[in-house]
Amino acid sequence: MADIQITSTITCPECRAQTRVEMPADRCVFFWECPSCETTLRPAPGDCCVFCTHGFVPCPPVQADDGCCT
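Okay, so let's go over this structure. (Residues numbered from 1 in each chain as written. Predicted model: local features only at pLDDT ≥ 70, side-chain atom pairs only at ≥ 80, totals over all residues. Heavy atoms only, no water.)

Examining the overall build of the protein
From N to C terminus, the protein includes two helices and four strands. A globule of 70 residues ought to have a C-alpha radius of gyration of about 11 Å, and the protein, at 12 Å, matches this closely. For the protein, the C-alpha atoms occupy an extent of roughly 35 × 20 × 15 Å along the three principal directions. Burial status across the protein gives 37% buried among its 70 residues. When contacts within the protein are restricted to residue pairs at least 6 apart in sequence, long-range pairs at least 24 apart make up 36% of them. Carbon and sulfur atoms make up 47% of the accessible area of the protein, which totals about 4,500 Å². (Helix = DSSP H or I, 4+ residues; strand = E, 2+ residues; numbered from the N terminus. Rg over C-alpha atoms; globule rule 2.2 N^0.38 Å. Buried < 20%, exposed > 50% of the residue type's maximum accessible area, 1.4 Å probe, protein only. Contact = heavy atoms within 4.5 Å. Areas by Shrake-Rupley, 256 points an atom, 1.4 Å probe, with all protein chains shown as cover.)

Put into structure tokens, the structure is as follows:
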């Protein structure tokens, strides 16, 4: 099994700013505010968190194949 990454870079769909963020290993993040334009990001339908939608790396539970938000 590959190592679980705990950081991801989120790209804001509004201003295209990229922010490196440490992801929590034990929970989903449903809302995240872009520090550049203050847009509140949400997961896309079918994704469990903002990292799975807007991040370069999906959240740790998805990486581990443990499911998310279960």
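Describing the nonpolar core
Ranked by internal contacts, the top residues of the largest apolar core, which has 16 residues, are Ile 10, Trp 32, Leu 41, Cys 49, Val 50 and Phe 51. In this structure Trp 32 touches Ile 10, Thr 19, Val 21, Thr 39, Thr 40, Leu 41 and Val 50, once residues within four positions along its chain are discounted. (Core = buried A, V, L, I, M, F, W, Y, C linked by side-chain atoms within 4.5 Å.)

Brief notes about the pairing of strand E2 (residues 18–22)
Where strand E1 (residues 7–11) and E2 come together, five bridges link them in antiparallel fashion. The residue bridging Thr 9 from the neighbouring strand is Arg 20, located in E2. Hairpin remark: E1 followed by E2, antiparallel, with six residues in the connecting loop; positive phi at Arg 16, about 70°. (Pairing = 2+ DSSP bridges.)

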